[in-house]
Amino acid sequence: MADKKNNVRIQPSMVQVPKGSMASGGVPHMGVATAGMPGQGPAGQRPGADEPGGTKRTALIVLGIVVAAIAIWVCVWLFACGGPNMFDPHAQNGQAPYKTQEEMQAELDREVEEGMFNISIASSIQFDSGDAEGTAYIENVPGNHYLMRVKITEDATGDVLYESGVLKPNQFIEKIALAKDLDEGMYPATATFTALDETTYEEVGQAGAKVVINVAG
C-alpha cells in the first residue's frame, strides 16, 4: 500500500523554572525607598487599606489584574491555538477510503496505548503538476488519544510545502495542494506530525515520516 504507518511514543516537552524564580508572569519583589510627596503623610505614607482611599485603590488594582489575566488567556487561546478555526476544513470523518472493510474494523478494534501516537500518510504523494492536488491520505486514526496537525517540508531547502489544520481522531485528509509550485521531479520531504492535547490544545510531542513529493509535469 502507498500509506505509511508508525506507532511512535510521545515525548512531552518539560520546562523547569529555576529555584527562587516566579512562574506565570511573576516579577521579583523589589524594595523601593520613597521620599515625602505632596498630599501624603510623613515619609510618603499613602492611605492604608482600612482607609476609604486605600480600599478603593486596592479594589481597582485587583479588578485590573483579573481583567488583564482574562485578556491574556483569551489572546493566547485565539492566536496561539487558533480557537475554533484551527480545525482543518478539508478533514473528513472516518478512515481513509483505500482501506477494506476488514482493515477499517481492525483499526476500530485496535487500542493505541496512552502516550503512543499512530501516524499515517502516503509515502509517495503524486501530483500531475506543481499547482495540482495530490492524494496524501493524512490520517488521525480512531485509536489515537490526541489531536493532530501535519507540516510537510522539503528536505533540500527546508521550505514548507504543505501545512494542515488540526484533525481529530477518526478523521483524514485525502487531497492536498502544495504551498509552492514545484517543477517536474521528485522531492524528498519530511512530514512532521504534532500531537495536541484534546482539552487544552497544548503540544505534547512530535514525530516525523519521510515522504517523496512526485510532480509529473
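These numbers were taken from a predicted model, which means no experiment stands behind them. (Residues numbered from 1 in each chain as written. Predicted model: local features only at pLDDT ≥ 70, side-chain atom pairs only at ≥ 80, totals over all residues. Heavy atoms only, no water.)

1. Side note on the overall build of the protein chain
Across its full length, the protein chain carries 2 helices and 10 strands. Counting from the amino terminus, helix and strand elements in the protein chain follow one another as β-α-β-α-β-β-β-β-β-β-β-β. Of all intrachain contacts in the protein chain linking residues separated by at least 6 positions in sequence, the fraction that spans at least 24 positions is 67%. Put simply, the protein chain shows about 13,700 Å² of open surface, and 57% of that area lies on carbon and sulfur atoms. (Helix = DSSP H or I, 4+ residues; strand = E, 2+ residues; numbered from the N terminus. Contact = heavy atoms within 4.5 Å. Areas by Shrake-Rupley, 256 points an atom, 1.4 Å probe, with all protein chains shown as cover.)

2. Here we look at the pattern of salt bridges
Counted under the stated rule, the structure contains 7 salt bridges. The salt bridge involving E107 is made with R110; its shortest N-O contact spans 2.4 Å. E107 gets classed as buried once you look at its relative accessible area, which sits at 5%. For K210, the salt bridge is made with D155, and the minimal N-O distance between the two is 3.4 Å. Of the two residues, K210 is situated in strand β10 (residues 203–215) and D155 in the loop between β6 (147–154) and β7 (160–163); the sequence distance between them amounts to 55 residues. Residue classification places K210 among the exposed positions, given a relative accessible area of 51%. Residue D155 is classed as partly exposed on the basis of its relative accessible area, which comes to 36%. Among the ionic contacts, a cluster of salt bridges with common partners joins K99, E107, R110 and E139. (Salt bridge = Lys/Arg side-chain N within 4 Å of Asp/Glu carboxyl O. Buried < 20%, exposed > 50% of the residue type's maximum accessible area, 1.4 Å probe, protein only.)

3. Quick notes on the confidence of the model for the protein chain
Of the residues in the protein chain, 69% have a pLDDT of 70 or more, and the chain-wide mean is 76. For the protein chain, the element scoring lowest by mean pLDDT is strand β1 (residues 3–9), at 52; β7 scores highest, at 98. Below a pLDDT of 50 lies the segment residues 9–47, which in the model reaches 28 contacts outside its immediate sequence neighbourhood of four places, other chains included. Across residues 78–82, where pLDDT falls below 50, the model places 7 contacts with residues more than four positions away in sequence or in other chains. (pLDDT = per-residue confidence, 0-100.)

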